[in-house]
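Architecture at a glance
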Amino acid sequence: MDGGLIEDISHNPDPIAELIENYNELNSSVIEELTEEPSPLEFMRYVATNTPFVVRGAAKDWKATKEWNVDFLKDFLKHETVNVAVTPHGNADAPTPHPTPSSPLVFAQPHEEDQPFPVFLDYLTTQSSLPAGGEPIGEVRYAQTQNDNLRHEYLRLFSHCLPSIPFARIALDRDADAINLWIGNQHSTTALHKDNYENIYVQIRGRKHFVLLPPICHPCVNERLLPSAVYSRKTTSPTEAANKEELASSPEADGSTSSPSYLELKVSEQKVPFPTWDPDHPFQNETEYSCLACPVRASLNPGDMLYLPALWYHKVAQSVDNEGVCVAVNYWYDMDFTGPLYPLSTFVRSVYKKELRGEEEEKEEEKEEEEGEEKEAVNEQDLVDNAEQHQRLT
């Protein structure tokens with residue numbers, strides 16, 4: 001046998017690190033930008049390689065992009081009541097520090113309440129205009145129901161957008177499972193997470209800023225089981241509210257504030273697996289593999305379209321337009337679970353979890369050895385002390 005064909009594995013490489021490094025060598029960390037929508041065949045090539053892209057100006061001629069300003073939306077939906085997610089810092093569905101020592105980090109879900117649409121929109125624009133120095137004045141509100149809301153809650157607006165994205169519908173041979181409308185301001189962010197959908201994201205007003213990581217980066221994101229927690233609104237006296245950490249007095253359209261209230265974070269026994277590493281803060285909650293991640297970044301302007309492949313991790317921030325809002329629509333197409341993508345991603349996750357368990361067992365063994373050595377040293381010292389005492393007595 002030709003010895004040259006036998007790979008030298010004596011150096012025992014880390015297979016997880018090698019996998020991520022090989023991916024980085026073969027794939028660009030700069031997103032591809034198209035000037036026109038791909039054909040269904042071209043789109044399937046991106047789906048097959050699980051590769052994101054941006055189409056600049058793809059939705060510039062949509063009625064939504066042309067007509068959805070604040071005055072139009074307020075008048076068009078003036079009699080509608082909508083579901084609004086409310087948090088103190090814009091941290092809906094995100095890992096969040098908790099003051100109790102037993103739960104230092106929890107998965108915080110927003111308080112939800114129904115509000116008249118014009119009131120909600122006035123709140124966003126007023127809050128956006130206040131000088132906040134980076135921190136929001138008042139609670140943060142975001143219309144973010146991910147339940148096909150454009151074909152239900154916001155049905156009156158549905159005809160202003162496409163009923164499906166043509167190249168995706170033809171290539172995937174299905175209509176969108178859900179079409180969602182997102183309305184917020186600069187204070188709302190979306191924590192790093194992934195979805196089992198082929199996602200077509202269309203920017204209508206303002207700008208969205210994406211940080212993307214491929215599925216192969218699971219070992220980088222430090223997924224942990226976090227206690228589930230939900231914000232709930234509590235109304236109280238001004239004196240009591242002033243002592244609450246999550247004070248949520250709210251700026252109204254005239255710049256005044258509503259009755260003092262605070263958002264209380266209630267922790268349950270249920271636990272949720274969720275990434276805790278943030279690519280924008282790489283030295284917090286990192287794993288030994290986080291340094292290998294090469295984030296892909298993309299910003300969408302009004303009319304731009306993003307293809308976000310299934311199982312890609314994504315973190316999203318947003319910038320408002322001159323009216324103080326950010327509006328987007330996304331189309332979710334259920335991913336195809338056949339083929340190598342899903343099995344590979346679950347395999348990487350399983351291998352990493354096994355490695356973690358091995359490290360934990362190794363640490364436990366080391367701890368037991370240290371405790372055994374300490375106990376043995378104590379016993380030896382006891383023998384010495386006993387011998388000295390016996391010698392003195394005799």
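What counts and what doesn't
Residues numbered from 1 in each chain as written. Predicted model: local features only at pLDDT ≥ 70, side-chain atom pairs only at ≥ 80, totals over all residues. Heavy atoms only, no water. Helix = DSSP H or I, 4+ residues; strand = E, 2+ residues; numbered from the N terminus. Buried < 20%, exposed > 50% of the residue type's maximum accessible area, 1.4 Å probe, protein only. Contact = heavy atoms within 4.5 Å. Areas by Shrake-Rupley, 256 points an atom, 1.4 Å probe, with all protein chains shown as cover. Salt bridge = Lys/Arg side-chain N within 4 Å of Asp/Glu carboxyl O. Phe/Tyr/Trp six-rings, centres within 6.5 Å; stacked < 30°, edge-to-face > 60°. Pairing = 2+ DSSP bridges. Axes fitted to C-alpha atoms, helices over the stretch in contact; angles between N-to-C directions. Core = buried A, V, L, I, M, F, W, Y, C linked by side-chain atoms within 4.5 Å. Expected span 1.5 Å × (residues − 1). Arc of directions from axis to C-beta.

- Identification of the protein chain as JmjC domain-containing protein from Podospora pseudocomata is taken from an unreviewed UniProt entry.

What to know about the overall build of the protein chain
- Along its length, the protein chain carries nine helices and 17 strands.
- Across the 394 residues that make up the protein chain, the buried fraction comes to 45%.
- A sequence separation of at least 24 residues applies to 84% of the contacts in the protein chain between residues at least 6 apart.
- Accessible surface computed for the protein chain: about 20800 Å², of which carbon and sulfur atoms make up 51%.

Thoughts on the pattern of salt bridges
- Per the stated rule, a full pass over the model turns up 14 salt bridges.
- Residue Asp-75 is joined to Lys-78 by a salt bridge in which the shortest nitrogen-to-oxygen separation is 3.6 Å.
- In this structure Lys-78 comes out as partly exposed when scored by relative accessible area, which is 45%.
- One salt bridge connects Asp-148 with Arg-151, and the closest N-O pair in it is separated by 2.9 Å.
- Judged by relative accessible area, Asp-148 falls into the buried class, the value being 10%.
- Through salt bridges with shared partners, one network takes in Glu-113, Glu-139, Arg-141 and Arg-233.

Quick notes on the packing of aromatic side chains
- Tallied over the entire structure, the rule returns 15 aromatic pairs.
- Here Phe-107 and Phe-274 contribute two aromatic rings whose centre-to-centre distance is 4.8 Å and whose plane-to-plane angle is 45°, an arrangement assigned as tilted. Of this pair, Phe-107 sits in strand β5 (residues 105-109) while Phe-274 sits in strand β13 (residues 261-275), and the two are 167 residues apart along the sequence. Each member of the pair, Phe-107 as well as Phe-274, is classed as buried.

Overview of the pairing of strand β4 (residues 94-97)
- Only one face of β4 is buried: it carries Ala-94 and Thr-96, and the other face, with Pro-95 and Pro-97, is open.
- With four bridges connecting them, β4 and β5 associate as antiparallel partners. Considered in β5, the bridge of Thr-96 is made with Val-106.

Section: unusual backbone geometry
- Positive phi values are uncommon outside glycine, yet Asp-148 reaches one of about 65°.
- With respect to the element layout, Asp-148 can be found in the loop between β7 (140-142) and α6 (155-158).
- Although it is not a glycine, Asn-222 adopts a positive phi angle of roughly 55°.
- Overall, the relative accessible area of 16% leaves Asn-222 in the buried class.

Some words on the pairing of strand β8 (residues 178-184)
- Most of β8 sits out of view: seven of its seven residues are buried.
- Note that β8 and strand β17 (residues 326-334) share seven bridges and pair antiparallel. Its bridge partner being in β17, Leu-181 is matched across the sheet by Val-329.

Re the sheet that holds β8
- The strand order across the open sheet formed by six strands is β1-β2-β15-β10-β17-β8, and the pairing between neighbours is mixed. Sheet topology places β1 (32-34) and β8 at the edges, where each strand pairs with a single neighbour. With strand direction ignored, the average angle separating the axes of adjacent strands in the sheet is 20°.
- Pairing of strand β2 (residues 53-55) with strand β15 (residues 305-308), which is carried by three bridges, proceeds in the antiparallel orientation. Within β15, the residue paired with Val-55 across the bridge is Met-305.
- Running at roughly 45° to β15, helix α2 (residues 40-49) makes contact with β1, β2, β10 (197-205) and β15 of the sheet.

Considerations on the nonpolar core
- Counting 52 residues, the largest nonpolar core has Phe-43, Trp-68, Ile-200 and Tyr-331 as its most contacted members.
- Those residues in contact with Phe-43 that sit more than four places away from it in its chain are Pro-38, Phe-53, Phe-167, Ala-168, Ala-171, Leu-172, Ile-200 and Tyr-307.

Some words on helix α5 (residues 117-129)
- The terminal C-alpha atoms of α5, which comprises 13 residues, lie 19 Å apart, in line with the 18 Å expected from a rise of 1.5 Å per residue.
- Of all 13 residues in α5, 10 are buried; the element is thus mostly enclosed.
- Elements that come into contact with the buried residues of α5 comprise α4 (70-76), β3 (81-87), β6 (111-116), β7 and β8.

Focus: α2
- Phe-43, Tyr-46 and Val-47 are the residues of α2 that are buried. Taken down its axis, α2 places every buried residue within 100° of arc, on the same side. Residues of α2 that are exposed and point more than 90 degrees away from the buried face comprise Leu-41, Arg-45 and Ala-48.
- Packed against the buried residues of α2 are β1, β2, α7 (166-172), β10 and β15.

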